[in-house]
Amino acid sequence: FFCGLLDLLAAAGCRAASPMQLIAPGPAVLLASALAARPAARGGRPFCMGGGFGAAARDTFKYSGKVRPGKQSPKRSVPKSISKPDYWKDGQPKARGPMLPWQIQKKSEADIEGMRAAGRIAREVLDLAGAAVAPGVTTEAIDALVHEAAVSRGAYPSPLNYHGFPKSCCTSVNEVICHGIPDSTKLRDGDIVNIDITCYYGGYHGDCSETFLVGEVDEAGRQLVKVTHDAWQAAIAYCAPGKEYKGIGAIIEDYIAPHGYSTVREFCGHGVGSVFHETPNVIHARNNEPGTMQVGHTFTIEPMICEGVEKHILWRDGWTATTKDGKRSAQFEHTLLVTPDGIEALTARTENSTPFWWEK
């Protein structure tokens, strides 16, 4: 798809972005949020090539690891009674946030209360999805649970039809960095899976994700998940009025360096509110992007940390991004509010959230 500023960005030498999270090679990309250039093919399955008449088509895409696309079910519907974002029907967001990187919206008290409500729902849905993770469970089944949980709470699952995304959440297994499409793929013992939930409720989006262990995961996988979590928490602890957004990336990069991990630069956190993606860009590596935190800013921190290289390849579905070397990636995310005293996680865990494995 093409948003209105794509030509402007091209003239500035910027690469296009994935619509769920932004590519941020430099300040100019902040002129617009959630821009994307999609491959010619969409629809949740890769192009198939080879095979003669009557023969089964052969997928010739060069995958980096063992994860493969499965079969997708039809797109789910949402009851008419539920309030929907402006893209729900045609896939094209109409509302835009501030256009320039140093223009970051301060939310009003009414905005903040609305975002707290959306954040609570997103948290509840994520907790339910995480509790369903087990060997043999399909990512399609998780998506069905997420959809029903959101709708039953009067919320719209924000990813659904956002720039044409076909499902109600993202499920990213092992080497999938982000934007994995739920399908018939069965989780296997030893996998790790990130589930990314956003719920639109009362006119606002609440956005969060966690990486879950599937059965018995090896020590290297457990360490990757724990270090990713702790780097994310260190970045959150840094946040307060007057702090520069670029400092978040330095905190994360320094935290993971002793472990030999890398942090993805081409997908990043973002401002969030009544618009799904807006300024600021929150880059999870050292950077020189502008922006200073002020009371009332709302944004996500969502580092994607990789065992190997941070570079990615994009599947032919136009969404699924995997590590270029096929090694695993983990991620955590909160929607955050800058307060006079520091930071508040609007998608914070509750007493009903399942403890992390290291807390048991």
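Residues numbered from 1 in each chain as written. Predicted model: local features only at pLDDT ≥ 70, side-chain atom pairs only at ≥ 80, totals over all residues. Heavy atoms only, no water.

A. Broad picture of the pairing of strand S2 (residues 170–173). Here S2 shows no split at all, with Cys170 and Ser172 on one side and Thr171 and Val173 on the other all buried. Direction of pairing for S2 relative to strand S4 (residues 192–201): antiparallel, over a ladder of 4 bridges. Among the inter-strand pairings, Cys170 is bridged to a residue of S4, identified as Asp196. (Buried < 20%, exposed > 50% of the residue type's maximum accessible area, 1.4 Å probe, protein only. Helix = DSSP H or I, 4+ residues; strand = E, 2+ residues; numbered from the N terminus. Pairing = 2+ DSSP bridges.)

B. Highlighting unusual backbone geometry. Of the consecutive residues Thr279 and Pro280, the connecting peptide bond is found in the cis state with omega at 10°. Structurally, Pro280 can be placed in strand S8 (residues 278–282). Phi at Asn174 is positive, roughly 55°, even though this residue is not glycine.

C. Layout of the layout of surface pockets. In this model, the largest pocket occupies a volume close to 380 Å³. Residue classes in the lining of the largest pocket are distributed as 11 nonpolar, 4 polar and 5 charged. (1 Å grid on protein atoms, 1.4 Å probe; cavity = no way out; pocket = protein on both sides within 12 Å on 5 of 7 lines; lining within 4 Å. Points joined across faces, edges and corners; volume = space filled by probe spheres on them. Nonpolar A, V, L, I, M, F, W, Y, C, P; charged D, E, K, R; others polar.)

D. Examining the sheet that holds strand S12 (residues 321–323) more closely. Strand order in the open sheet formed by 3 strands is S3-S12-S11, with antiparallel pairing between adjacent strands. Both edges of this open sheet fall to strand S3 (176–178) and strand S11 (312–314), since each of them pairs with a single strand only. This sheet shows a mean twist of 40° between the axes of neighbouring strands, independent of strand direction. Pairing geometry for S11 and S12, over 3 bridges, is antiparallel. Following the sheet pairing, His312 is matched in S12 by Thr323. (Axes fitted to C-alpha atoms, helices over the stretch in contact; angles between N-to-C directions.)

E. Expanded view of the nonpolar core. Ranked by internal contacts, the top residues of the largest apolar core, which has 28 residues, are Ile248, Met293, Phe299 and Ile301. Looking at this core, the elements with two or more residues in it are helix H4 (219–238), helix H5 (246–256), strand S9 (298–301) and strand S14 (334–339). Per-element tally for this core: the top contributor is H4, with 8 residues. Discounting chain neighbours no more than four positions away, the residues touching Ile301 are Trp232, Ala235, Ile236, Cys239, Ile248, Ile252, Val282, His284, Phe332, Glu333, His334 and Leu336. (Core = buried A, V, L, I, M, F, W, Y, C linked by side-chain atoms within 4.5 Å. Contact = heavy atoms within 4.5 Å.)

F. The pattern of salt bridges, seen in detail. A full pass over the atoms with the stated rule returns 17 salt bridges. Linking Glu140 and Arg76 is a salt bridge whose minimum nitrogen-to-oxygen distance equals 2.2 Å. With a gap of 64 residues between them, Glu140 in helix H3 (residues 139–152) and Arg76 in the loop between helix H1 (6–11) and helix H2 (109–131) connect regions that are remote in the sequence. The exposure class assigned to Glu140 is buried, which follows from its relative accessible area of 16%. A salt bridge links Glu307 to Arg328, with the nearest nitrogen and oxygen atoms 3.0 Å apart. In this pair, Glu307 sits in the loop between strand S10 (304–306) and S11 while Arg328 sits in the loop between S12 and strand S13 (329–331), placing the two residues 21 residues apart along the sequence. Where salt bridges share partners, they join Arg76, Glu140, Asp143 and Lys167 into one cluster. (Salt bridge = Lys/Arg side-chain N within 4 Å of Asp/Glu carboxyl O.)

G. Representation of empty space enclosed by the protein. Scanning the model with the defined rule gives 2 cavities of 30 Å³ or more in all. Considering only enclosed or pocket space, the largest cavity measures out at about 130 Å³ in volume. Around the largest cavity, the lining comprises 16 residues; the ones closest to its centre are Val67, Ile181, Asp183, Thr185 and Trp315. Taken together, the residues of the lining of the largest cavity sort by class into 6 nonpolar, 7 polar and 3 charged.

H. Molecular detail of the packing of aromatic side chains. Scanning the model with the defined rule gives 10 aromatic pairs in all. Look at Trp232 and Phe332: their rings are 5.4 Å apart centre to centre, the planes differ by 25°, and that puts the pair in the stacked class. In this pair, Trp232 sits in helix H4 while Phe332 sits in the loop between S13 and S14, placing the two residues 100 residues apart along the sequence. Note on accessibility: Trp232 and Phe332 belong to one class, buried. On the basis of an interplanar angle of 80° and a centroid distance of 5.9 Å, the ring pair of Phe332 and Phe356 is categorised as edge-to-face. Highlighted residues: Phe332 in the loop between S13 and S14 and Phe356 in the segment after strand S15 (342–345), separated in sequence by 24 residues. Phe332 gets classed as buried once you look at its relative accessible area, which sits at 0%. You can call Phe356 buried: its relative accessible area is 9%. Aromatic ring contacts, followed pair by pair, group Trp232, Phe332, Phe356, Trp357 and Trp358 into a single cluster. The ring centre of Trp357 lies 4.1 Å from the NZ or CZ of Arg222, which sits over that ring. A cation over a ring is seen here: Lys243 above Tyr238, with NZ or CZ 4.5 Å from the ring centre. (Phe/Tyr/Trp six-rings, centres within 6.5 Å; stacked < 30°, edge-to-face > 60°. Lys NZ or Arg CZ within 6 Å of the ring centre and 35° of its normal.)

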